[in-house]
Structures are given as structure tokens and as C-alpha cells.
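Residue strings, one per chain:
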Amino acid sequence: MMGSAEEKRIEDELSYPIMLAERVRAAADEAESFKVDCGEVGKLVDRLSQMLRTLVRSTTSVQCLYERPIRRVVSEVSKNLERALTLVRKCKRQSILRRVVRITSATDFRKVLNLLDASIGDMKWLMGVLDTENNGTASGIFLSLPPIASNDPIISWVWSYIATVQMGQLTDRIEAANNLASLARDNDRNKKITVEEGGIPPLLKLLKESCSADAQIAAANALLVLANEQERVRSIVDEMGVPIVVQVLGDSLMKVQIPVAKLVVRMAEHDPVAQEDFARENVIRPLVTLLSFETFVEDSKTQLGKQSIHSIVQINKEMEKFSSAGSTSRNYSYRPYSNSYSNLHMEGSSRGGNHRKERENEKPEVKLQLKINCAEALWMLAKGSVSNSRRITETKGLLCLAKLVDKEQGELQYNCLMAIMEITGAAESNSDLRRAAFKTNSPAAKAVIDQLLRVIKELDSPILQVPAIRSVGSLARTFPARETRVIGPLVTQLGNKDQEVAVEAAIALQKFASPENFLCMDHSKSIIEFNGVPPLMRLLRSGDKAQLHGVVLLCYLAIHAGDNDALEQARVLTALEGADRTVVGQHPDLKELVTKAIYQLNLYHTGVHPQRQLFAP
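Thresholds applied
Residues numbered from 1 in each chain as written. Predicted model: local features only at pLDDT ≥ 70, side-chain atom pairs only at ≥ 80, totals over all residues. Heavy atoms only, no water. Helix = DSSP H or I, 4+ residues; strand = E, 2+ residues; numbered from the N terminus. Contact = heavy atoms within 4.5 Å. Areas by Shrake-Rupley, 256 points an atom, 1.4 Å probe, with all protein chains shown as cover. Axes fitted to C-alpha atoms, helices over the stretch in contact; angles between N-to-C directions. Parallel < 35°, antiparallel > 145°, perpendicular 65-115°, else oblique. Left-handed = near helix turned anticlockwise from the far one by under 90°. Nonpolar A, V, L, I, M, F, W, Y, C, P; charged D, E, K, R; others polar. Core = buried A, V, L, I, M, F, W, Y, C linked by side-chain atoms within 4.5 Å. Buried < 20%, exposed > 50% of the residue type's maximum accessible area, 1.4 Å probe, protein only. Salt bridge = Lys/Arg side-chain N within 4 Å of Asp/Glu carboxyl O. Expected span 1.5 Å × (residues − 1).

**A closer look at the overall build of the protein chain**
When helices and strands are tallied, the protein chain shows 35 helices and 0 strands. Across the protein chain, contacts joining residues at least 24 apart in sequence account for 73% of those joining residues at least 6 apart. As displayed, the protein chain offers around 28,400 Å² of accessible surface, 48% of which is attributable to carbon and sulfur atoms.

**So, the packing of helix H3 (residues 68–89) against helix H5 (residues 106–130)**
Packed helix pairs are specified by the crossing angle of their axes together with the interaxial distance, meaning the distance between the axes. In contact at an axis separation of 9 Å, H3 and H5 are set at 155° when each is read in the N-to-C sense. Relative to H5, the element H3 lies roughly antiparallel. Considering the relative orientation of H3 and H5, their crossing is left-handed. Contact residues: Pro 69, Ile 70, Val 73, Glu 76, Val 77, Asn 80, Leu 81, Arg 83, Ala 84 and Leu 87 in H3; Asp 108, Phe 109, Val 112, Leu 115, Leu 116, Ser 119, Asp 122, Met 123, Trp 125, Leu 126 and Leu 130 in H5. Classifying every residue of the contact of H3 with H5 by side-chain character gives 15 nonpolar, 2 polar and 4 charged.

**Some thoughts on the nonpolar core**
By size, the foremost hydrophobic cluster in this structure holds 200 residues, and its most contacted members are Met 267, Phe 278 and Leu 576. Not counting chain neighbours up to four residues away, the residues in contact with Phe 278 comprise Val 242, Val 245, Val 246, Val 264, Met 267, Val 283 and Leu 381.

**Things to note about the pattern of salt bridges**
Inspection of every chain in the model, using the stated rule, returns 25 salt bridges. One salt bridge in this structure joins Glu 197 and Arg 72, with 3.7 Å as the shortest N-O distance. Taken together, the residues Glu 197 in the loop between helix H8 (188–196) and helix H9 (200–209) and Arg 72 in helix H3 connect sequence positions 125 residues apart. Asp 277 serves as the salt-bridge partner of Arg 280, at 2.5 Å between the closest nitrogen and oxygen. Of this pair, Arg 280 and Asp 277 both sit in helix H14 (residues 272–280), 3 residues apart, which is roughly one turn of the helix. A relative accessible area of 18% means that Asp 277 is categorised as buried. Among the ionic contacts, a cluster of salt bridges with common partners joins Asp 188, Lys 191, Glu 229 and Arg 232.

**Describing the packing of helix H29 (residues 520–529) against helix H31 (residues 544–561)**
At a closest axis distance of 9 Å, the pairing of H29 and H31 adopts a crossing angle of 110°. One finds that H29 runs roughly perpendicular with respect to H31. The interaxial crossing formed by H29 with H31 has left-handed handedness. Judged by residue contacts, Cys 520, Met 521, Ser 524, Lys 525, Ile 527 and Ile 528 of H29 engage Leu 553, Tyr 556, Leu 557, His 560 and Ala 561 from H31. Its residues assigned to classes, the contact of H29 with H31 shows 8 nonpolar, 2 polar and 1 charged.

**Looking at helix H20 (residues 364–382)**
The terminal C-alpha atoms of H20 lie 27 Å apart, and with 19 residues this matches the ideal 27 Å at 1.5 Å per residue to within 8%. Buried residues dominate H20, accounting for 15 of its 19 residues. Gly 384 lies just past H20 and shows a positive phi near 70°.

**A short note on helix H12 (residues 241–251)**
Within H12, 9 of the 11 residues are buried, which leaves it mostly tucked inside the rest of the structure. All of the buried residues along H12 are Gly 241, Val 242, Ile 244, Val 245, Val 246, Val 248, Leu 249, Gly 250 and Asp 251.

Pasting the structure below:
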């Protein structure tokens, strides 16, 4: 990569071909055969030498030099000068024997002259890209095809765009970043070339240092296009891209934050290292802050009306303290139920206050898109990560997500539900998180449960019901026996006409009735009392997946509530005996469970069906 410790300084790289050019010139002057051809070689070499010296002078005067094409072109020039030196040296006075062994022809000279011409063309292109003649004052992107890229024109365009992003004027840098994004969208090969040729560092620099929102947007969009695969995301991480992204997310205008939040989504989605690094850089707090912007305004007004004058004075003191802290360091604190949401949630950093009016006056569709991206970012950060899920709950993110599920629709509502699903999934696998974030007296947990049940009961939308049902299932071990309000909606969905919803309901209810749940017997009885057996029996007549999960849930009900008459009336025993011959054949691991369930049913109902033999567990 550009600027690695193993590479020579660019001045040292250029000194070698200059020295070679001098040797070729001297050898051409000493030639005694093919003098005219050697003279032509000498003229081309003189021109190359002059260009190389000009390049040396320009590289020393440029602060942020894009070196990648320089090294490639200079390496090719050096190879061609070496061939020219070898050929010209053959034309010196030599013995007859050596002249016979080392035959030189006009064809050899034509080849070398063509190579030197190509090197001159490469140098012209390079000096145009680096703008050596105008000392960086010319505007526009220099695009032409150098001989070195004749077989692969894309690389010359990539070089030109990256050089402009790194060294050009602001308007040209914006255009070049947009062109890089456009080029990378075409195919993954172009993305790979852009990364390999050092395109990420100048894009990150443009994102971080630019005072132009358009430049930051162009840089973020280009990085977003590149970040669709783990290796390329890791390249952004390795260039210290995560701290830059987090800083810009907290410091910028809303229209900049939109693609930056999307970049967080893409990087966290494709690379677990990026997911961890974002959490380490505390990206979750600004995301929750942006997501909750204006979300709690009505709540804060209502709460304010209930507060005493003394409380209002205390809040104002807190506000002043917060403002003074914000002037010296980044502060993403989040205080629910205060009268200051519109202030707290827009000041992500010391510069956040500068964007206050801009955020308040922004178009609704812009605010909505930012929230959509922030919610998706929390979803991807929480995915498969207990630590990140815990961080979200510690920033009051759960309450924010619940309120948005309640108030919003469409993509934002869906992203919030998916984030909740990942957090509850992490809580299912981690008892500490489950106890801390979803204890029964937690307002955030109560708000989440209320919204999940509302989605399950009231919204006829499988794409929303599925994550809601999974979330409730993940929390099965947090509900006490008296909390039967969560069982009823799940049982109702067993009969949903959408089979995916019905199967998810069966899977969720399994977690209530599973022996791993301390209250499995109470929950099993509740499922039966809510008339869950008939839709379960219908589920057995559906596809393989529905049949599998239906059998498992029926087994749990039979084992923990086998004496219930509803099981006998629905002929569950007959169904399980049939499943023992069909489902178990495809899923041998269910053999023990089905056998135990049949035994329990026979145990309680053997007087009614004396012909049936008892099954040992």
C-alpha cells in the first residue's frame, strides 16, 4: 500500500532512473556502430531525463503526494532505460568475436525506441495528473490513457480520480470522489482496484477534514460503495476509518449524517471487527441520540406540566452544566423525561450546537431518512453481539426503539423491530443482560413488550409480526406465570394464514413450554387454556417445517399438561403416534421426546383407551 515502511522514499525511487538516463546518454556518445540509432535513443533519453528531474522538483513541493502511479510509472521507465543501456553498450568498440556473439540489429533499436516513446507518454500523463506545470493551480480532473494502462484503462481513471481527491481543489475533489463511487458501482473489480491503489485514505481525509457538506457526502458515498465486502471494510478499519466515521456522525449536518450512518450499517454488517471497533468508539450513543431526536418532545412537555418549579430550576441547572461540558468534549448523554430533549439529542459534540437550528428546520423526509439509517445501524451493531446489545440498553435505546415502533410506520418501524429482535436474542443467550435490561419493573422493557404485543395482535403484516414474535419468544424466561397476556396473542397466531407467522408463533411458544423454562408447566397449561391445541393440530397438516415445530410444541404440552382433557378431545395421542412414524423418521433426534410425550398421554388417558399399551419413556 501507499506509504508503507518497506517502500523507498519517492525521491530515492526517482534517483535511479535519472542515473540510468545519464549512463545511456554516455554510452550513446561512445557508440561506434549504429551511431544514428544510438543518437535517436540518446534524444529520447534526454527528454525522459528532463521529465524525471521536473518530477523530482514537483514531488518535493507537494505536501500530500499521491505516490501510487508515480512508483508504477517510474518502475516501468527504469526497466525500459535498462534495456536501452544494454543495447547501446553493445555498439561500443569490441573484438570481432564479441561482435559475432552479440549481434545487434535495427529491429532491436525499433523495439527500444518504442519502449522509450511509451515511457515518455507515461511521464506526460503522470505530470498531467500531478499538475506539475501549474504547481497545483489548474482545475479539473486530468483524464487520458497512458501507454502503461493501454490494456486496462480503468486503472488510469482510478489513479486520476484518487490523485484529484488527494491533491485537487475542493470542487474537483468532490467530482473525483463522485466519479470513484460511480466507477466502483459498476463491478467488484473496480472496487478492488480502488482499494488496492490507495483510494481509501484520501476519501477518509476528505470525509474528516472537509468544511464542505457536499465533499463529506461524496466521500461517505464512495466509501459506502466500497464497503460491501469484508476485506474492503477491513481496509477502511485498518486506515483508522472507524474513529473518523464516528466523529463525523456526531459533528455534521443531517444531510451528511445520513450517508455516514448508512456507512456504519454497511461496515458493521460485513465485518465483525468493524462492529467491535464501532462499539469501542462509542458510536451507539450518537446513534441513539439522533434516533431519539424529537421522539420524546410530547412526553417531555407532558412531564414538564407535572413538575414543580423547583424541578424545573434543577433541570435548567443540569442543562447549563451539560452545555458547558459540551464545549470541551463530546457528550452523548441521554436523559429521558426531561424538558430538554430537543437540546440534548441534537448536540452530539462540541460543534453539535452549531447545527441546532439546521436540524430543527430540516425537511421531515430528511429527518426520517436519518432515523431509518440510525435504526438500521443499531440493528447491525446488535446483531450477534451481546456486548453491543447491552450498550444499547444502557443508553436508553430500548425505550427509544419502542416509542418509534409505536409512532412510526414503514422502514423505520421495521428497522426498530429488527434491532429489538437482535437485542432480545442476545438477552436470550445471556442471563445477565436478560436480568438487567428486561426485569419486570423496567419502564423500557414494559414499553418494548407492549409494542411487540400490539404489533402481533393489531398489524396484519408478516414482515413486522415475525420479528415481534421472535422477540417475545426470546424473552420467554423473563415472564412470570401470571403474565399470561403474552401467551394469548402467540396462540392466536398459530392459526395465521401466513405459514411463516404460524411457524414463528409455534417456535416462540416452544420456548415458553420447554423444560429449560422454569415455568414450563404453568405456561403449557396457559397455552392449552387459550385454545392452542386445535390450531396446532392444523399445523401438523402443513409443510415439513410447520409439522416439525408443531410436533415439538405438542410434545411439550403433553409432557407438562398431559392430564388436560383438551389434549384427549383433540386426539393428540393419535397425532403423536402418527408423528412417531413420519416426523421422527426425518428427525431421529425427536425420538426420545415423542416417546416421552406418548407415554405421558397414555398414562393419563389409559382408562379411556385400554387397548393402548403404555410406552416407557
